Amino acid sequence: MRHHFRKFVIGLMVIGVIIPLNQALAKKYELTRNSVEDPTAIHAEEISLYRVKLGDPEAKAVEMLVEERISGVRAEQEGTFILLWDKQKPTGAMAGVRIMDGKVDLIFVNNRFAHKVRGIFRRVLTSKTAQQIRELLGKEDFPNETLMGAKLLYEEKGFIVNFLDRSVNIEFCLGCSDLYNPF
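Residues numbered from 1 in each chain as written. Predicted model: local features only at pLDDT ≥ 70, side-chain atom pairs only at ≥ 80, totals over all residues. Heavy atoms only, no water.

Caption draft 1: Local environment of the overall build of the protein. Within the protein, the regular secondary structure consists of five helices and 11 strands. Put simply, the protein has 183 residues, and 44% of those count as buried. Taken as a whole, the protein presents about 10,700 Å² of accessible surface, with 55% of it coming from carbon and sulfur. (Helix = DSSP H or I, 4+ residues; strand = E, 2+ residues; numbered from the N terminus. Buried < 20%, exposed > 50% of the residue type's maximum accessible area, 1.4 Å probe, protein only. Areas by Shrake-Rupley, 256 points an atom, 1.4 Å probe, with all protein chains shown as cover.)

So this is what it looks like as structure tokens:
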């Protein structure tokens with residue numbers, strides 16, 4: 001009887017470790033440096049854009065994105081956003097962060113940034129169909145597809161992929177209800 005109880009307790013401990021381990025297995029993913037390819041190893045908490053992560057203070061974001069010189073990139077602070085532009089093709093912001101309450105609460109990249117991104121998100125940003133994105137990242141938590149495009153919400157992983165014809169945008173955010181409202 002004691003032996004079975006001991007196995008039961010050990011089993012509960014293992015379950016208690018495996019569930020938080022899912023997030024612990026997330027690899028650090030600097031979008032411009034790391035070639036993370038496994039979609040199960042990705043979580044928004046571990047994503048960074050030029051060393052700026054979700055939750056970082058505004059001062060760090062300004063220092064890393066605006067004050068530091070990033071090769072081929074022009075950075076501007078506009079309102080609550082720090083926008084990154086491609087110096088060669090400044091047709092629109094290709095990436096950036098949003099600052100709310102003094103902290104970074106959103107990181108975004110779009111297909112104009114694909115040439116700088118490494119790993120699985122480079123392939124996501126260059127995808128031609130929503131189905132290709134699903135094949136790369138797996139099935140989304142909440143599908144929202146129309147004739148115009150798709151919003152693929154990966155809420156458990158902390159990001160959303162907006163797909164509209166050839167325009168792809170990825171937004172990383174933890175608990176940003178404004179991203180998830182249409183769902």
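Here the narrative resumes, following the displayed structure.
Caption draft 2: Focus on the sheet that holds strand β3 (residues 52-53). Across the sheet, three strands lie side by side as β1-β2-β3; this open sheet has mixed pairing. At either margin of the open sheet sits one strand with a lone partner, and together these are β1 (29-30) and β3. Examined bridge by bridge, β1 and strand β2 (residues 47-49) share two bridges and lie parallel to one another. Each residue of the ladder has a partner; that of Glu30, found in β2, is Ser48. (Pairing = 2+ DSSP bridges.)

Caption draft 3: Summary view of the pairing of strand β10 (residues 159-164). Burial runs high along β10: five of the six residues are buried. Note: strand β9 (residues 150-154) against β10, five bridges, orientation antiparallel. Within the sheet, the bridge partner assigned to Leu153 lies in β10 and is Ile160. From the end of β9 to the start of β10, which pair antiparallel, there are four residues, and Gly158 there has a positive phi angle of about 85°. Pairing geometry for β10 and strand β11 (residues 167-172), over six bridges, is antiparallel. Note that in β11 the partner of Ile160 across the bridge is Glu171. Between the antiparallel neighbours β10 and β11 lie two residues, among them Asp165 with a positive phi of about 55°.

Caption draft 4: Main features of the pattern of salt bridges. Within this structure, the stated rule accounts for eight salt bridges. In this structure, the salt-bridge partner of Lys53 is Glu46, at a minimum N-O distance of 4.0 Å. By relative accessible area, which is 19% here, Glu46 ends up buried. With a closest N to O distance of 2.9 Å, Arg134 and Glu140 form a salt bridge. A relative accessible area of 5% places Glu140 in the buried class. Salt bridges sharing partners connect three or more residues here, namely Lys28, Glu46 and Lys53. (Salt bridge = Lys/Arg side-chain N within 4 Å of Asp/Glu carboxyl O.)

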